[in-house]
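# Coordinates in review
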Amino acid sequence: MSEESAALYVVPTPLGHLGDLSARAIDTLRQVAWVAAEDTRHSAPLLRHFGSNARLLACHQHNEEAAAQQVLARLAAGESVALVVDAGTPAVSDPGAALVARVRAAGFRIVPLPGPCAAVVALSAAGIESSHFLFYGFLPSKAGPRAQALVELADLPYALVFYEAPHRIVETAVALRSAFGERRRVVLARELTKLYEEMHDCLLADLEHWLLADADRQRGEFVLVVAGAPAAPTDGEGERVLALLLAEGLPVSQASRLAQAITGTSRKALYSAALRMQRAE
């Protein structure tokens, strides 16, 4: 390679469409001596397709520390290494961050290449206007921790970007509706850049029904882009609705959740208001 010393090249690979691998990425994969891959069986055909003769070593979530030692040994020997994952950009909800940290701490150069990232691809086509976004990645797999994570995100005014697996997509749709309310907009991106790519724009109230209407809609890899929390109303509508719900005998948590869904007022603010109303009785 033209650089004067060995380096770790962080190389994004296609989400699906092979045409998305950049010319620079192809040149890098052809010129490095080694490729550290999330799944060597998956990456080997990609390297062959683009004419790379690099040797492969495994670097996945279960062996990243050990893989780092192998990479450091190769760099110390003057050989450059490319880091890849099965699809997209390494270390973005995929292995790679620990390896990069070890290489940097050892004083070797790290060269990041731009390229495919499912979160950015989905966000660019979602049409959700927001000056800021928060990339969360995968939510906890268990219902309790997932619900708690979403409660902490519910009042943020930023677009929220999640990844999800097919076997959890329906329950995640239900959890999002429960935490954020039915009126929040969501764009679901499925199988980006692949043959069955699909994007669906709806309210959280409708997402579960849309998924269940066709089993094929639950297949593939998902990105969910959820609109940020709306600005809190200043007319007191949230507290007025809350007071009516409490007067009907609803528990504080349920009344706060319903008032948030109806008015868009911050659930935390409504919960605090409900506690004040109970103390004042």
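Our structure's up above, just so we're on the same page.
Residues numbered from 1 in each chain as written. Predicted model: local features only at pLDDT ≥ 70, side-chain atom pairs only at ≥ 80, totals over all residues. Heavy atoms only, no water.

Before going further, it helps to spend a moment on the sheet that holds strand β5 (residues 109-112). Strand order in this open sheet of 5 strands is β3-β2-β4-β1-β5, and the pairing throughout is parallel. With partners counted over all chains shown, the strands left at the sheet margins are β3 (55-58) and β5, one partner each. When strand polarity is set aside, the average angle formed by the axes of neighbouring strands in this sheet is 25 degrees. Where strand β2 (residues 34-37) and β3 come together, 4 bridges link them in parallel fashion. Counted as the bridge partner of W34 is R55 from β3. Packing against the sheet, helix α3 (residues 64-76) makes contact with β1 (7-10), β2, β3 and β4 (81-84), and its axis sits at approximately 150 degrees to β3. (Pairing = 2+ DSSP bridges. Helix = DSSP H or I, 4+ residues; strand = E, 2+ residues; numbered from the N terminus. Axes fitted to C-alpha atoms, helices over the stretch in contact; angles between N-to-C directions. Contact = heavy atoms within 4.5 Å.)

Take helix α2 (residues 40-49) next. Buried residues of α2: S43, A44, L46 and L47, and no others. Buried-residue contacts for α2 involve α1 (23-31), β2, β3 and β4. Of the residues that open α2, the one with a side-chain oxygen 2.9 Å from the backbone nitrogen of R41 is D39. Of the residues flanking the end of α2, it is G51, one or two places downstream, whose phi is positive at about 75 degrees. (Buried < 20%, exposed > 50% of the residue type's maximum accessible area, 1.4 Å probe, protein only. Polar contact = N/O pair within 3.5 Å; in protein donor to acceptor, adjacent residues only side chain to side chain.)

Let's shift gears to the environment of S141. Examined against the element boundaries, S141 turns out to sit in the loop between β6 (133-138) and α6 (143-153). Note on S141: relative accessible area 44%, which makes it partly exposed. Counting along the chain gives 65 residues from S141 to D206, while the straight-line C-alpha distance between them is 22 Å. Once residues within four sequence positions are removed from consideration, S141 is found in contact with R146, R168 and E171.

Attention now moves to the sheet that holds strand β10 (residues 222-226). Taken together, 5 strands build an open sheet; the order of strands is β6-β7-β10-β8-β9 and the sheet is mixed. Single-partner strands in this sheet number two, and they are β6 and β9 (198-203). Across the sheet, the mean angle from the axis of one strand to that of its neighbour is 15 degrees, orientation sign disregarded. For strand β7 (residues 159-164) and β10, the ladder comprises 5 bridges, and the chain directions are antiparallel. When the bridges of β10 are listed, E164 appears paired with F222. Across the face of the sheet, helix α8 (residues 204-212) comes into contact with β8 (185-190), β9 and β10 while running at roughly 135 degrees to β9.

The next subject is unusual backbone geometry. Although it is not a glycine, E191 adopts a positive phi angle of roughly 55 degrees. Positionally, E191 belongs in the loop between β8 and β9. We classify E191 as buried; its relative accessible area is 16%. In the Ramachandran plot, T193 falls in the positive-phi region, its phi being about 70 degrees despite a non-glycine side chain. Summarising the element assignment, T193 is placed in the loop between β8 and β9. For T193, a relative accessible area of 22% gives the class partly exposed.

Below, the discussion takes up the packing of aromatic side chains. Throughout the structure, instances matching the rule amount to 3 aromatic pairs. When the ring of F138 is compared with that of Y163, the centres are 5.7 Å apart and the planes differ by 70 degrees; the resulting orientation is edge-to-face. Of this pair, F138 sits in strand β6 while Y163 sits in strand β7; the two residues are 25 residues apart in sequence, bridging distant segments of the chain. Here F138 falls in the partly exposed class, since its relative accessible area comes to 40%. Here the aromatic cluster, defined as three or more aromatic residues joined through ring pairs, consists of F135, F138 and Y163. Sitting over the ring of F180, R184 keeps its end group 4.6 Å from the ring centre. (Phe/Tyr/Trp six-rings, centres within 6.5 Å; stacked < 30°, edge-to-face > 60°. Lys NZ or Arg CZ within 6 Å of the ring centre and 35° of its normal.)

Attention shifts here to the environment of L245. Here L245 is to be found in helix α9 (residues 237-247). As a C-alpha pair, L245 and S256 span 11 residues in sequence and 8.5 Å in three-dimensional space. Once residues lying within four places of it in the same chain are set aside, the contact partners of L245 are L250, A255, L258 and A259.

Interhelical geometry of α3 versus helix α4 (residues 97-105) gives an angle of 40 degrees and a closest axis separation of 9 Å. Between α3 and α4, the interaxial angle falls into the category oblique. In terms of crossing hand, the pair formed by α3 and α4 is right-handed. Two secondary-structure elements touch here, α3 through E64, E65, A67, A68, V71, L72 and L75 and α4 through A97, A98, L99, R102 and V103. (Parallel < 35°, antiparallel > 145°, perpendicular 65-115°, else oblique. Left-handed = near helix turned anticlockwise from the far one by under 90°.)

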